[in-house]
Amino acid sequence: MEKKFRRISLIFIIGCFIFYGLRFVYYYIKFNKSSNSGSGKTISNVIQKNNEITTKGDGLYNNDGELVFKGTKVNNYLEYSNILWRIVKVDKDNSIVLITDSVVSSLAYDKSTTDFTKSNINGWLNESEDKTGIFETKLNNRHDYLVPNNICLDNVNDLNKITCRKKDHSKYITLLNVADYLNSKNKDSFINNSDNMWLVNSKDNSKVWYLSNGSISNDTPSSIYGIKPVITLKNSIDVVSGNGTKEKPYKIEKETKEISFNSYVKLGTDLYKVYDIEKDTVKLVYDGLIDDQQNRYINYNSTEFNPKSNYSVAQYLNYTIYNKLTYKNNLIDCDYYVGDYNNDYKDVYSKKVTTKLGELSAVDVNTDSTNKNYFLLNKHNNVVMAVNDENTSITNKVKYTVCISKTNKFKGNGTEKNPFELEV
């Protein structure tokens, strides 16, 4: 009788283990659909579903466990925070490394240091104190979407012998490293789009690597080149829509009607984009260029941005252009930082002008990759800085900025086809 009881008890215990074990597995899968092996909608899963692994030509490669996009004809576009990004790779833990599709500013790496973690460019990218994180603060819910980057800080003396012994894991925003650029090349790379851009690695204590038309070179950190920020998305982020093409990039955020960075705003018949938001002030940049109708030479060399200075671009904007705007009563005064840029971006904040119409400064995030040849507010080495130009001081094209109150009521959703408009 005792043996029979033991057998029944043993069968009962084994049955409980099997029953509750299966229930545990069932509910774990049910309530962890956003995990790497869950719903199948995570970015890493969607990328692998849409791209076959290849060993030749342009496409997705398996590089020792990392999934790397190589070449130029690749569908690796992703939109986040109204910024267009390119997917560099799927890391071994299924996190996603992204780089902006276009340059968002042009700055010096630093006055002297070649250590990224101590550089001015790191301060412009990452938020740590006042007047830092100019780029990071433009990203939506960044702590929900991002993980810190894996930054290699080794000097790269030989492009054929790249090491990664010294690492930093504390920064959410970085620049592309030399190894990831080289791994993105087939005959060419999607990262090359005629933009000169800094790379994160130093060659030694006096030179930093940069990219120019597909060629890697090095220069002193005080030189000025473009910036393409790099971020890493969490491995649990789902794709909401899109197929990775430029026309339909992967999207990871649901649509919102809240005005934010890079939203489109229509005033009258003019289209603008949000380039910054400070408390209740929304800063807008004209989505195009205007011609000086008098074809005068606008010369900054002898004067800074000052609306009271005759024949200056500041006066032209705040009198001639301002008085033509049908919505001028909706514009508010705005502070524009006009300090000379001396290889430390914070120098720009040393002077300011308060007026209705201004221009972008050297420190502003600028995602316009279409329009070229227009001035910024600041001088460098006594020459006015310009976008995609040879630092010339003569032009008749202007890209102006305005400010409106965030307390306005808007209709629309902030896209180019359905921009925000002021409700009357």
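Everything below is about the structure shown above.
Bear in mind the structure is a predicted one, so any value in this text is a computation, not a measurement.

Visitor: Explain a nonpolar patch on the surface to me, and be specific about the residues and the numbers.
Guide: Nonpolar side chains collect at one region of the surface, where Leu159, Ile162 and Leu182 lie side by side and expose about 180 Å² of accessible area between them. Along the chain, the position of Leu182 falls in helix H5 (residues 178–183).

Visitor: Account for the pattern of salt bridges, with residues named and values stated.
Guide: Under the definition given, this model contains 14 salt bridges. One salt bridge in this structure joins Asp333 and Lys356, with 2.9 Å as the shortest N-O distance. A residue pair is termed long-range when its members are at least 10 positions apart, and Asp333 in the loop between helix H6 (313–321) and strand S20 (334–337) and Lys356 in the loop between strand S21 (352–355) and strand S22 (358–359) qualify at 23 residues. Judged by relative accessible area, Lys356 falls into the partly exposed class, the value being 21%. The closest approach of N and O atoms between Asp368 and Lys399, which form a salt bridge, is 2.7 Å. Separated by 31 residues along the polypeptide, Asp368 in the loop between S22 and strand S23 (374–380) and Lys399 in the loop between strand S25 (397–398) and strand S26 (400–405) bring together distant segments of the chain. A relative accessible area of 17% places Asp368 in the buried class. Connected through salt bridges with shared partners, the residues Glu66, Lys89 and Asp180 form a single ionic network.

Visitor: Describe the packing of aromatic side chains, listing the residues and the values that go with them.
Guide: The description of an aromatic ring pair rests on the distance of the ring centres and on the angle between the ring planes. Across all of its chains, the model carries 14 aromatic pairs by this definition. Between Tyr80 and Tyr145, the aromatic rings sit 5.3 Å apart at their centres with planes inclined by 45°, giving tilted as the arrangement. With Tyr80 in strand S3 (residues 77–80) and Tyr145 in helix H4 (residues 142–145), the pair connects residues that are 65 residues apart, well separated along the chain. The two residues Tyr80 and Tyr145 agree in class, both being buried. An angle of 70° between the planes, with centres 5.8 Å apart, marks the rings of Tyr272 and Tyr286 as edge-to-face. Here Tyr286 lies in strand S18 (residues 281–286) and Tyr272 lies in strand S17 (residues 270–278), a separation of 14 residues in the sequence. When its relative accessible area of 0% is taken as the criterion, Tyr272 is described as buried. Grouped by ring-pair contacts, the aromatic residues Tyr80, Trp85, Trp124, Phe135 and Tyr145 constitute a single cluster.

Visitor: Outline the sheet that holds S26, supporting the account with residue identities and numerical values.
Guide: Reading across from one edge, S22-S26-S18-S17-S16-S28-S27 is the order of the seven strands in this open sheet, with mixed pairing throughout. On the outer flanks of this sheet lie S22 and strand S27 (410–411), each paired with one strand and no other. Summarising the sheet, S17 and S18 pair through six bridges and their orientation is antiparallel. Within the sheet, the bridge partner assigned to Ile277 lies in S18 and is Val282.

Visitor: An account of the state of the cysteines is requested, with residue identities and associated values reported.
Guide: Applying the stated rule across the entire model yields two disulfides. The residue that forms a disulfide with Cys152 is Cys164, at a sulfur-sulfur distance of 1.8 Å. Between Cys152 and Cys164, the S-S dihedral sits near -85°, and the bridge is therefore left-handed. With a gap of twelve residues between them, Cys152 in strand S8 (residues 151–152) and Cys164 in the loop between S8 and strand S9 (167–168) connect regions that are remote in the sequence. According to the relative accessible area criterion, Cys152 is buried, its value standing at 14%. Here Cys334 pairs with Cys403 through a disulfide, and the sulfurs are 2.0 Å apart. Every disulfide takes its handedness from the sign of the S-S torsion; for Cys334 and Cys403 that torsion is -55°, giving left-handed. Of this pair, Cys334 sits in strand S20 while Cys403 sits in strand S26; the two residues are 69 residues apart in sequence, bridging distant segments of the chain. Across the pair, Cys403 and Cys334 agree in class, each one buried. When the cysteines engaged in disulfides are numbered in sequence order, the protein pairs them as 1-2, 3-4.

Visitor: How would you sum up unusual backbone geometry? Please name residues and give values.
Guide: The phi angle at Asn381 is positive, at roughly 55°, despite the residue not being glycine. Summarising the element assignment, Asn381 is placed in the loop between S23 and strand S24 (383–387). Notably, Asn382 is not glycine yet its phi reads approximately 65°, a positive angle. Within the element layout of this structure, Asn382 appears in the loop between S23 and S24. On the basis of relative accessible area, Asn382 is assigned to the exposed category, the value being 60%.

Visitor: I'd love a proper account of the side chain of Glu66, names of residues and values included.
Guide: Tracing the chain through its elements places Glu66 in strand S2 (residues 66–70). Among the polar contacts listed, one links the side chain of Glu66 to the side chain of Lys89, at a separation of 3.3 Å. The residues touching Glu66, leaving out its near neighbours within four places in the chain, are Tyr61, Lys89, Val90, Asp91 and Lys92.

Visitor: Run through the environment of Asp93, naming residues and quoting values.
Guide: The topology assignment puts Asp93 in the loop between strand S4 (83–90) and strand S5 (96–100). The spacing of Asp93 and Lys234 is 141 residues in sequence and 9.3 Å in space, taken between C-alpha atoms.

Visitor: Could you give me a rundown of the side chain of Thr355, with the residues and numbers involved?
Guide: Among the secondary structure elements, Thr355 is positioned in strand S21. Looking at Thr355, its side chain comes within polar contact range of the side chain of Asn318, at 2.7 Å. When neighbours within four sequence positions are excluded, Thr355 is seen to be in contact with Phe305, Pro307, Asn318, Ile332, Asp333, Cys334 and Tyr336.

Visitor: Could you give an account of the nonpolar core, with specific residues and numbers?
Guide: Of all hydrophobic cores here, the largest spans 107 residues; its most connected members are Trp124, Phe135, Leu267 and Tyr400. Every residue in contact with Leu267, bar those within four places of it in the chain, is listed here: Tyr272, Leu284, Tyr327, Leu331, Val402, Ile404 and Leu422.

Definitions and cut-offs
- Residues numbered from 1 in each chain as written.
- Predicted model: local features only at pLDDT ≥ 70, side-chain atom pairs only at ≥ 80, totals over all residues.
- Heavy atoms only, no water.
- Patch = residues over 30% accessible without salt bridge, like charges linked within 9 Å, V, L, I, M, F, W, Y side chains within 5 Å.
- Areas by Shrake-Rupley, 256 points an atom, 1.4 Å probe, with all protein chains shown as cover.
- Salt bridge = Lys/Arg side-chain N within 4 Å of Asp/Glu carboxyl O.
- Helix = DSSP H or I, 4+ residues; strand = E, 2+ residues; numbered from the N terminus.
- Buried < 20%, exposed > 50% of the residue type's maximum accessible area, 1.4 Å probe, protein only.
- Phe/Tyr/Trp six-rings, centres within 6.5 Å; stacked < 30°, edge-to-face > 60°.
- Pairing = 2+ DSSP bridges.
- Disulfide = S-S within 2.5 Å.
- Polar contact = N/O pair within 3.5 Å; in protein donor to acceptor, adjacent residues only side chain to side chain.
- Contact = heavy atoms within 4.5 Å.
- Core = buried A, V, L, I, M, F, W, Y, C linked by side-chain atoms within 4.5 Å.

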